[in-house]
Number of protein chains: 6
Amino acid sequence: MTARLDYAAQSPELFKKLGLYSHAAHTASIEAAIIDLVNIRASQLNGCGFCLDMHVKEATLRGERPLRLHHLAAWRESMLFSTRERACLAWTEVLTQLPAQGVPDELYARVRGQLSDQEVVDLTHAVMAINAWNRANVAFRTTPGTLDAAFGPDKAGLA
Amino acid sequence: MTARLDYAAQSPELFKKLGLYSHAAHTASIEAAIIDLVNIRASQLNGCGFCLDMHVKEATLRGERPLRLHHLAAWRESMLFSTRERACLAWTEVLTQLPAQGVPDELYARVRGQLSDQEVVDLTHAVMAINAWNRANVAFRTTPGTLDAAFGPDKAGLA
Amino acid sequence: MTARLDYAAQSPELFKKLGLYSHAAHTASIEAAIIDLVNIRASQLNGCGFCLDMHVKEATLRGERPLRLHHLAAWRESMLFSTRERACLAWTEVLTQLPAQGVPDELYARVRGQLSDQEVVDLTHAVMAINAWNRANVAFRTTPGTLDAAFGPDKAGLA
Amino acid sequence: MTARLDYAAQSPELFKKLGLYSHAAHTASIEAAIIDLVNIRASQLNGCGFCLDMHVKEATLRGERPLRLHHLAAWRESMLFSTRERACLAWTEVLTQLPAQGVPDELYARVRGQLSDQEVVDLTHAVMAINAWNRANVAFRTTPGTLDAAFGPDKAGLA
Amino acid sequence: MTARLDYAAQSPELFKKLGLYSHAAHTASIEAAIIDLVNIRASQLNGCGFCLDMHVKEATLRGERPLRLHHLAAWRESMLFSTRERACLAWTEVLTQLPAQGVPDELYARVRGQLSDQEVVDLTHAVMAINAWNRANVAFRTTPGTLDAAFGPDKAGLA
Amino acid sequence: MTARLDYAAQSPELFKKLGLYSHAAHTASIEAAIIDLVNIRASQLNGCGFCLDMHVKEATLRGERPLRLHHLAAWRESMLFSTRERACLAWTEVLTQLPAQGVPDELYARVRGQLSDQEVVDLTHAVMAINAWNRANVAFRTTPGTLDAAFGPDKAGLA
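This one's a predicted model, so the numbers in the text were calculated from it and none came from an experiment. (Residues numbered from 1 in each chain as written. Chains lettered and ligands numbered in written order. Predicted model: local features only at pLDDT ≥ 70, side-chain atom pairs only at ≥ 80, totals over all residues. Heavy atoms only, no water.)

A.B. asks: Honestly, the overall build of chain A in this entry has me stumped. Any pointers?
C.D. replies: If you tally the helices and strands in chain A, you get nine helices and zero strands. Secondary structure elements in chain A, listed N-terminal to C-terminal, are α-α-α-α-α-α-α-α-α. For chain A, whose C-alpha radius of gyration is 16 Å, the value lies close to the compact-globule estimate of 15 Å for 159 residues. Taken along the three principal axes of its C-alpha coordinates, chain A extends 45 × 30 × 30 Å. For chain A, the proportion of its 159 residues judged to be buried stands at 63%. A fraction of 72% describes how many contacts in chain A between residues 6 or more apart in sequence connect residues 24 or more apart. Roughly 5600 Å² of accessible area belongs to chain A as shown, and the carbon and sulfur atoms make up 55% of that amount. (Helix = DSSP H or I, 4+ residues; strand = E, 2+ residues; numbered from the N terminus. Rg over C-alpha atoms; globule rule 2.2 N^0.38 Å. Buried < 20%, exposed > 50% of the residue type's maximum accessible area, 1.4 Å probe, protein only. Contact = heavy atoms within 4.5 Å. Areas by Shrake-Rupley, 256 points an atom, 1.4 Å probe, with all protein chains shown as cover.)

What follows is the structure, given as C-alpha cells:
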C-alpha cells in the first residue's frame, strides 16, 4: 500500500471546510466517548486504516478502556456497552451501510428512545462526517499515523 | 413514507457548515454537468429519493438532456457518456459502495488518465458531499420536492 | 461497450416466440402505466441499458410524467406512486432479485390486497418477460436506441 | 410451504405462450444433456423446488448419470463435466445472477470458444426460459412433483 | 481444477485429530439421516465438491431416497423433509453463513422446539465439523471421489 | 444478549476433542504471533465476541503491540504487518468467507511464496479451528470474558 495524492495539500480550501463541519459535528450534543465509538466503528466497516488508527489513539488519549475498543468489531455480543451506546452503534451501522430498504422504523424508534431530537440529528451528522473522511482516506490511501506529529494522537502511547 | 425529524431546523449550524462544504465541493474544478451526474448516480445507489429529485431538477434547469438522465441507472451500457464522464461515474460508484478490498489500482489509474490531480481531489470531495446528504435524507426520510419553493428546482418544469 | 451477437437475426424463431409471449404478458389485465413502471424498474435492477432506454421512451410516448420516471430508481421514498403501484413495484423487485428465502408471505398478502387473482398472475408474467429480455440484451450488449427506427420509440422526442 | 395461486389455470393463454417459447428454446441447437444441466443449475441458484424436481426427473429419464446431477451444486470442483459443459454452466450462472458489471468479456470469449454463434444464442434463450419458469414457481410456490402425472417425469423412478 | 497440496499427508497428526472430533460429532445424539443432510447442505453452500461427493455417496449407502438428496438444494420448497429436519437444515444454513446480526432468537427457539438440549449442541458440532472439512478441501481442491477406494463410498453404486 | 446453552457442559466429550484438535492446530508450525492474528481476524469477520475477547487477551499476554491489534480490522491499509503476515491474513479471510468461485490461484500462489508446504497446511487448520469455535460461540452467545478465571487471559491487564 503506497499513498496516492495528498488531498489536503491539493485542495486546502475543501479540506478546511470539511474540517469545520466535521469538528462541529463531533463536538455538538453527543458525548465524546460515543463520538469515538462511532468514528472507530464506521472506519472498521469502511475499511479505512488511517481513520481507524487516528480515532483509536484519540479515544485512548481521552481515557477509553482498551478492552471496549477491542470489542467494537463485535459490539453486539459484548456486555461492555450501554443501551444508549448500542443504539448509537446500530444507527452508525445502518447509516454507514444504507440497506436497500432504507432505515427501518423499529431502529429509528429504538434510537429515539435513547436520544433527544437534538442528539439524533447531531449523531447523524457525526456519522456523515466520518463517512466522508473514510472515503477520502480510502480513495487516496493515506498512510495510518502520518499525521500523528501534527495532530497529536501519538501521545496516546500506543506502541 | 412519512418524514421524520427536520434536521435542518434542529441543528441549523451543522446544516449550514455542511452546506458551505458541499457548495464548495460542487463548484470547484469539476464541470457542473459532471457534478450533476455524480449527485444523481450516488443518490440512486444510496436510495435517496429527496436528493435524486433535487439533482434531476437541477440538471434539467442546467440544460441536461433528459435521455442521459434516464440512462444513468445503467450508464455502463449507454453510448451517451464520454470517456471522462464514465471515469467519473466509476469513481463515484466505488467511493459510494467502498468494496472490502478498497479502491483498485486500475480504477485509480483510469481516473488519473482523465482528470488532473486537482480534479481527482475535487471530484472525490463531490462524492463525499453527496454521500453525506444522502445519509441525512435517508435517515430522516425528507419528502422529495419539499424544498422546491426554497431552492428553486421546481422551475425545471418537470411534471 | 461494443455490441456482441445480433440474437434476433441469429435465432429469429425464438425471438418471435418470446415476442409473442412478451406482447401477451404486457397487454393482459394490468394497465399499461404499471407495465411501463415494471419494465423500467426491472431493467434498472438488472443493469440493462437497451431495455431501460426503450421503455422510458415508450412510457413517455404513452404520456407518463417525466418526474415519475426519474423517481423510479428510489420509488420507496417517492410520494408520486399509488399504493397499487407500490405493491406492483415491490413484487417486481422481489421476483427480479429472488432472495434466498423466496417471496415472503407478507409481500404476497400485500400484493393480493391490491390486485385481483388474474392481475397477480398477469403481473408476474410481465416481470418474467422483462427479466427474459434483460438477460438477452445484457448478454449481447445490444446498443440502446438501435431499434428506435424499427419500433418507433424515437418519436418520444427524448433528446 | 403451501401453494398459492394456480397460475396455469388463471392465465392459460400466457402459460401456453410461455410454454411454446420455452419448448422451442429447449429443443433448439443445444443438446438435451446440456439443457438439463442448465435447467437444474438455474433452479438451484433461484431456489425453485418445483423446477429442480421436474428437471432432475427429466434428466434421469433421459439417462443422465446420478452422480453428475449430485455434483451440479459444486460443478466448478467436479471432474465430471466437459469443457463445453463447464462453459455452458458458467454462462448459465452469470445470466441467472446478472452481476452489477454485466457479463465479462473473458466469459463471453470462453463461451464463444466452445459454441457456435447459433448455439450461444440458443443457450441464452434456454437460460432465459428457465429463469422465467423459476420466477413463476417461486412466486406461487408450486408444490414439487404435482405435475408428475400430467407431464410424466414420475416415470423416472426416483423414490 | 487440479488438486493442490495433500493436506492429510502433510500434517497427519492434525488430520487425525480433526477426524476424531468429526467422527464423534457425526455419531453423537443426532440420527445419521440428518447428519447426512447437514453434511450435504453445508457442502453445497460452501461449494465443496469433494465433501458433496462423499456425503451423497454415504447417504446413498445408508439408504437415503435419491429424490430427497436432489431436493436439498431447494429444501425450503420441498415437501419431503420433516419439521425436525427443516429446523436442522435452517440451523445448518445460519451457522454456515453467519449473518452479520448473528443467530436470530426466533430460529434458536424453532430449533429448541424440535431438539433436546443435547441434540442442539451435538447438531452444532456436526455443522462445525463439516464446515472445517469444507474449508480444507476447498483450500486444497481435493479431487472429488479420490478417497472412494479408501473410505468405501464407491460401493454406493452411483454412476 | 443473554447466553444460551452451555455447550461445554452439555457435550464435554465433543468439547474436549475439538480442544485437542484446536490446540494442536494452534501450536503446529506457524508462529504464535500469527496464530493470534488469525484467531482475532476470523473472529471479527464472523462477529464472535467471545473469541475476539479471548484472543485479544492472549495476544496481549504474549506481548503483541496494542496498535497492531487495533489495526487488524483494516489490515490491508496498515504498514504494521509483514509480507508474510499479510499473506496469512488474506488466506484467513478467503477461507473464512469462502467466495462462490473458491480460492483463487493467485492467492494460493502468494501464500505459497511466503510459507512452506507444512506451514500452508497448518495455517489452514488454524483457520478451520477458529472458524469452528466462532460458530459454537455465536450459536450459543457465550458471554465474552466468562472463562477468564479458568483460562487465565484476564492476567492480560486489559481494563
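Let's pick the thread back up.
A.B. asks: I tried to follow the pattern of salt bridges on my own but got confused; where do I start?
C.D. replies: If charged atoms from side chains of opposite charge come close, those side chains can pair. According to the stated counting rule, one finds 84 salt bridges over all chains in the structure shown. For A:R84, the salt bridge is made with A:E31, and the minimal N-O distance between the two is 2.8 Å. Placement of A:R84 in helix α6 (residues 83–97) and of A:E31 in the loop between α2 (12–26) and α3 (32–46) is noted, with a sequence separation of 53 residues between them. Look at A:R84 and you get buried, because its relative accessible area is 18%. With a shortest N-O distance of 2.9 Å, D:K57 and D:D53 are connected by a salt bridge. With D:K57 and D:D53 both in helix α4 (residues 49–62) and four residues apart, this pair spans about one turn of that helix. By the burial criterion, D:K57 is buried, and D:D53 matches it. A single salt-bridge network, built from bridges that share partners, covers A:D36, A:R62, A:E64, A:R68 and A:E85. (Salt bridge = Lys/Arg side-chain N within 4 Å of Asp/Glu carboxyl O.)

A.B. asks: What exactly am I supposed to notice about the relation of the copies chain B and chain A here?
C.D. replies: Two copies of the chain are present, and they differ by a rotation about an axis and a shift along that axis. When chain B is fitted to chain A, the residual RMSD is 0.0 Å, and the transformation amounts to a turn of 180° plus an axial shift of 0.0 Å. The two molecules are tied by a two-fold rotation axis, judged by turn and shift. Across chain B, the smallest distance between a C-alpha and the rotation axis is recorded for B:A132, namely 3.4 Å. By residue overlap, the copies meet face to face through one surface: 100% of the interface positions of chain B are interface positions in chain A. (Least-squares fit on C-alpha atoms with pLDDT ≥ 70 in both.)

A.B. asks: So what exactly am I meant to see when it comes to the packing of aromatic side chains here?
C.D. replies: Any aromatic ring pair is given by two values, namely how distant the centres are and how the planes are angled relative to each other. Within this structure, the stated rule accounts for 24 aromatic pairs over all chains. The interplanar angle of 25° and the centroid separation of 5.7 Å between the aromatic rings of B:Y7 and B:F140 together place this pair among those described as stacked. Within this pair, whereas B:Y7 is found in helix α1 (residues 7–10), its partner B:F140 is found in the loop between α8 (117–139) and α9 (148–151), the two being separated by 133 residues in sequence. The burial state of B:Y7 is the same as that of B:F140; both residues are buried. The ring of A:Y108 is capped by B:R4, whose NZ or CZ atom sits 4.4 Å from the centre of that ring. (Phe/Tyr/Trp six-rings, centres within 6.5 Å; stacked < 30°, edge-to-face > 60°. Lys NZ or Arg CZ within 6 Å of the ring centre and 35° of its normal.)

A.B. asks: Before we go on, may I ask you to explain the interface of chain B and chain A in this structure?
C.D. replies: Interfaces are often sized by the amount of accessible area the parts lose when they come together. Residue-level contacts link 41 residues of chain B with 42 residues of chain A. Interface of chain B and chain A: buried area, both sides summed, is about 3700 Å²; carbon and sulfur atoms make up 70% of it. Measuring nitrogen to oxygen at the nearest pair gives 2.8 Å for the salt bridge that ties B:R4 to A:D105. The interface formed by chain B and chain A holds 20 residue pairs in polar contact (both at pLDDT 80 or more) in total. Of all the secondary structure elements, the ones that give two or more residues to the side of chain B that touches chain A are α1, α2 (12–26), α6 (83–97), α7 (105–112) and α8 of chain B. When residues in the side of chain B that touches chain A are grouped by element, the largest group, 14 residues, is from α8(B). Residues that form the side of chain B that touches chain A fall into these classes: 24 nonpolar, nine polar and eight charged. (Buried area = accessible area lost by both parts, 1.4 Å probe. Polar contact = N/O pair within 3.5 Å; in protein donor to acceptor, adjacent residues only side chain to side chain. Nonpolar A, V, L, I, M, F, W, Y, C, P; charged D, E, K, R; others polar.)

A.B. asks: Where do I start with the packing of helix α6 (residues 83–97) of chain C against helix α7 (residues 105–112) of chain C in this structure?
C.D. replies: Angle between the axes and distance between the axes: these two values describe a pair of packed helices. Residue and element names in this part refer to chain C. α7 packs onto α6 with a crossing angle of 140° between their chain directions and a minimal axis gap of 9 Å. Relative to α7, α6 is oriented oblique. As for how α6 packs across α7, the hand of that crossing is left-handed. Touching R86, A87, A90, W91 and V94 of α6 are L107, Y108, R110 and V111, all from α7. For the contact of α6 with α7, the per-class residue count stands at seven nonpolar, no polar and two charged. (Axes fitted to C-alpha atoms, helices over the stretch in contact; angles between N-to-C directions. Parallel < 35°, antiparallel > 145°, perpendicular 65-115°, else oblique. Left-handed = near helix turned anticlockwise from the far one by under 90°.)

A.B. asks: Honestly, unusual backbone geometry in this entry has me stumped. Any pointers?
C.D. replies: With the exception of glycine, the majority of residues adopt a negative phi angle, and the majority of peptide bonds are in the trans configuration. A positive phi angle, close to 50°, is found at A:R141, a residue other than glycine. Looking at where A:R141 falls in the secondary structure, it is placed in the loop between α8 (117–140) and α9 (148–151).

A.B. asks: Before we go on, may I ask you to explain the side chain of C:D122 in this structure?
C.D. replies: One can find C:D122 in helix α8 (residues 117–140). Buried charge without a salt bridge: C:D122, with C:R84 as the nearest opposite-charge side chain at an N-O distance of 9.4 Å. The contact partners of C:D122, leaving out residues within four places of it in the chain, are C:A25, C:A28, C:S29, C:I30, D:S11 and D:L14. (Lys, Arg positive; Asp, Glu negative; His and termini not counted.)

A.B. asks: So what exactly am I meant to see when it comes to the state of the cysteines here?
C.D. replies: Simply put, disulfide is the name for a covalent bond between the sulfur atoms of two cysteines. Inspection of the entire model under this criterion finds zero disulfides over all chains. The cysteine F:C51 is free of any disulfide, with F:C48 supplying the nearest cysteine sulfur at 3.4 Å. (Disulfide = S-S within 2.5 Å.)

A.B. asks: How should I be thinking about helix α4 (residues 49–62) of chain A in this particular structure?
C.D. replies: Along an α-helix, residues three or four apart share an orientation, since each turn contains 3.6 residues. Between its first and last C-alpha atoms α4(A) spans 20 Å; for 14 residues at 1.5 Å apiece the expected length is 20 Å, and the two agree. Across the 14 residues of α4(A), 10 count as buried, placing the element largely inside the fold. Every buried residue of α4(A) is accounted for by A:G49, A:F50, A:C51, A:L52, A:D53, A:M54, A:H55, A:V56, A:K57 and A:A59. The inward-facing, buried residues of α4(A) abut α3, α5 (66–71), α8 and α9 of chain A together with α5 (66–71) of chain F. A:G63 sits one or two positions beyond α4(A) and adopts a positive phi of about 105°. (Expected span 1.5 Å × (residues − 1).)

A.B. asks: Sorry if this is basic, but what is going on with the environment of F:E64 here?
C.D. replies: Residues and elements named next belong to chain F. Relative to the helices and strands, E64 resides in the loop between α4 (49–62) and α5. What makes E64 buried here is its relative accessible area of 10%. C-alpha separation for the pair E64 and I34, spaced 30 residues apart in sequence, amounts to 10 Å. Ignoring anything within four residues of it in the chain, the contact list for E64 reads A33, L37, A59 and L69. Side chain to side chain, E64 and R62 meet in a polar contact 3.2 Å long.

A.B. asks: Is there a simple way to explain the environment of B:R141 in this structure?
C.D. replies: Under the relative-accessibility criterion, B:R141 is labelled buried at 13%. Put simply, B:R141 and B:D6 are 135 residues apart on the chain and 9.4 Å apart in space, counted from C-alpha to C-alpha. In this structure the side chain of B:R141 is engaged in a polar contact, spanning 3.2 Å, whose partner is the backbone oxygen of A:V103.

A.B. asks: Can you help me understand the side chain of A:R135 in this one?
C.D. replies: Inspection of the secondary structure puts A:R135 in helix α8. Buried charge without a salt bridge: A:R135, with F:E77 as the nearest opposite-charge side chain at an N-O distance of 12 Å. Among the polar contacts listed, one links the side chain of A:R135 to the backbone oxygen of B:T96, at a separation of 3.0 Å. Dropping the residues within four chain positions of it, A:R135 is found in contact with A:N46, B:L95, B:T96, B:L98, B:M128, B:N131 and B:R135.

A.B. asks: Sorry, what's going on with the confidence of the model for chain A here?
C.D. replies: Parts of the model with low pLDDT should not have their predicted coordinates read in detail. Looking at chain A as a whole, its pLDDT mean stands at 95, while 99% of the residues score no less than 70. Across the predicted assembly, pTM comes out at 0.96 and ipTM at 0.96. (pLDDT = per-residue confidence, 0-100.)

A.B. asks: Just to check I follow, could you spell out α8(A) for this structure?
C.D. replies: All names here are of chain A. End to end, α8 covers 36 Å across 24 residues, agreeing with the expected 34 Å (1.5 Å per residue, within 8%). For α8, a buried count of 22 out of 24 residues is recorded, marking the element as mostly surrounded by other parts of the structure. Phi turns positive one or two residues past the end of α8, at R141, with a value near 50°.

A.B. asks: How do you make sense of the environment of E:Y108 when you look at a structure like this?
C.D. replies: Mapped onto the secondary structure, E:Y108 falls in helix α7 (residues 105–112). Overall, the relative accessible area of 10% leaves E:Y108 in the buried class. In this structure the C-alpha to C-alpha distance between E:Y108 and E:L61, which are 47 residues apart in sequence, comes to 32 Å. Ignoring sequence-local partners within four residues, the contact set of E:Y108 consists of E:W91, F:R4, F:L5 and F:F140. A distance of 2.7 Å separates the side chain of E:Y108 from the side chain of E:R112, its partner in a polar contact.

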